[in-house]
Amino acid sequence: MTGPDGRAAPPVRGLTDEYGAGFVDPMHAHDWIQVLYACSGVMSVETPSTSFVVPPQRALWLPAGQRHQVSCRGPVSLRTLYVDPALYPDPPPCRVIEVSDFLKALILKVVSFGADYGADGHAGRIVAVLLDEIAAMPLAPYGAVMPADARLLRVCRAILAQPADDRDVDDWARVAGMGRRTFTRAFKRETGMGLAVWRQQVRLMEALSLMAAGRSVTTIAFDVGYDSPSAFTAMFRRAYGVPPSLYALP
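Residues numbered from 1 in each chain as written. Predicted model: local features only at pLDDT ≥ 70, side-chain atom pairs only at ≥ 80, totals over all residues. Heavy atoms only, no water.

A few words now on the sheet that holds strand E5 (residues 50-54). With antiparallel pairing, five strands are arranged side by side in an open sheet as E2-E7-E4-E5-E10. Only two strands of the sheet have a single partner each, and these edge strands are strand E2 (24-28) and strand E10 (143-145). Direction aside, the axes of adjacent strands within the sheet are offset by 15° on average. Along the sheet face, helix H6 (residues 195-212) touches E5 and E10 and points at about 160° away from the line of E10. (Pairing = 2+ DSSP bridges. Helix = DSSP H or I, 4+ residues; strand = E, 2+ residues; numbered from the N terminus. Axes fitted to C-alpha atoms, helices over the stretch in contact; angles between N-to-C directions. Contact = heavy atoms within 4.5 Å.)

Now the structure itself:
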């Protein structure tokens, strides 16, 4: 691909945005791959099949054409990379990745290039390193499968909005307008897990997000619906293999 001046067109373009608390970008898609990275603030990103929480020092990879909605819980300082899909004949699916200090520096550098940098020179070599680093980053556990059934989706969105909500299966079945047995079977069929396990996953996602914002383990435990910090710590250790006090956050 070449630009109007005959030079190779940049394979990655960067954009800076500042969003206020409560901002929502409704469901949409882009022709290029997107990498969403927040220098500060926490985003929620929902696709038709998965809901993601993206705290600082994490980034979300979105394939070209992937429909998604972005919501900002508080102010968000966003850096977006648009990547030429021609670079990825078989692109990976949506995923949250860790962002190392080195990758953060590369993202900020590439965003500073603007839209017309030369892809064959010094800037192009930095972009190549950036793409290598993105590919090398480990995945982060910030996604929850979303059901297609509108009744189940209503339940899941309510839990995502308030993970500490402790209503039981019967209560949520009534919210969905379904019998208990029909609800539990449908929920497992569409998400691959029971409601209790799904809600636990959402609570742990929320906890990781709050940790990234600097909240204490004790406060987080109650905020996400656990009866005590020790109960939260035990669940966290079972899920991630380490206690929350030792969880590696950049």
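Still more ground to cover, so stick around.
Let us now look at the nonpolar core. In this structure, Leu36, Met43, Leu60, Phe183, Trp198 and Phe232 are the most contacted members of the largest nonpolar core, which totals 51 residues. The biggest single contributor to this core is H6, with nine residues. If near-sequence neighbours (up to four positions away) are discounted, methionine 43 is found in contact with Leu36, Ala38, Phe52, Val53, Val54, Val70, Ser71, Val76 and Leu78. Counting residues in hydrophobic clusters, the runner-up holds 23 residues, among them Leu103, Leu106, Ile107 and Val111. (Core = buried A, V, L, I, M, F, W, Y, C linked by side-chain atoms within 4.5 Å. Buried < 20%, exposed > 50% of the residue type's maximum accessible area, 1.4 Å probe, protein only.)

Compared with the 26 Å implied by 1.5 Å per residue over 18 residues, the 26 Å span of H6 between its first and last C-alpha is a close match. When you tally the buried positions in H6, you get 13 out of 18 residues, the bulk of the element. Count one or two residues on from H6 and you reach glycine 214, which has phi positive near 90°. (Expected span 1.5 Å × (residues − 1).)

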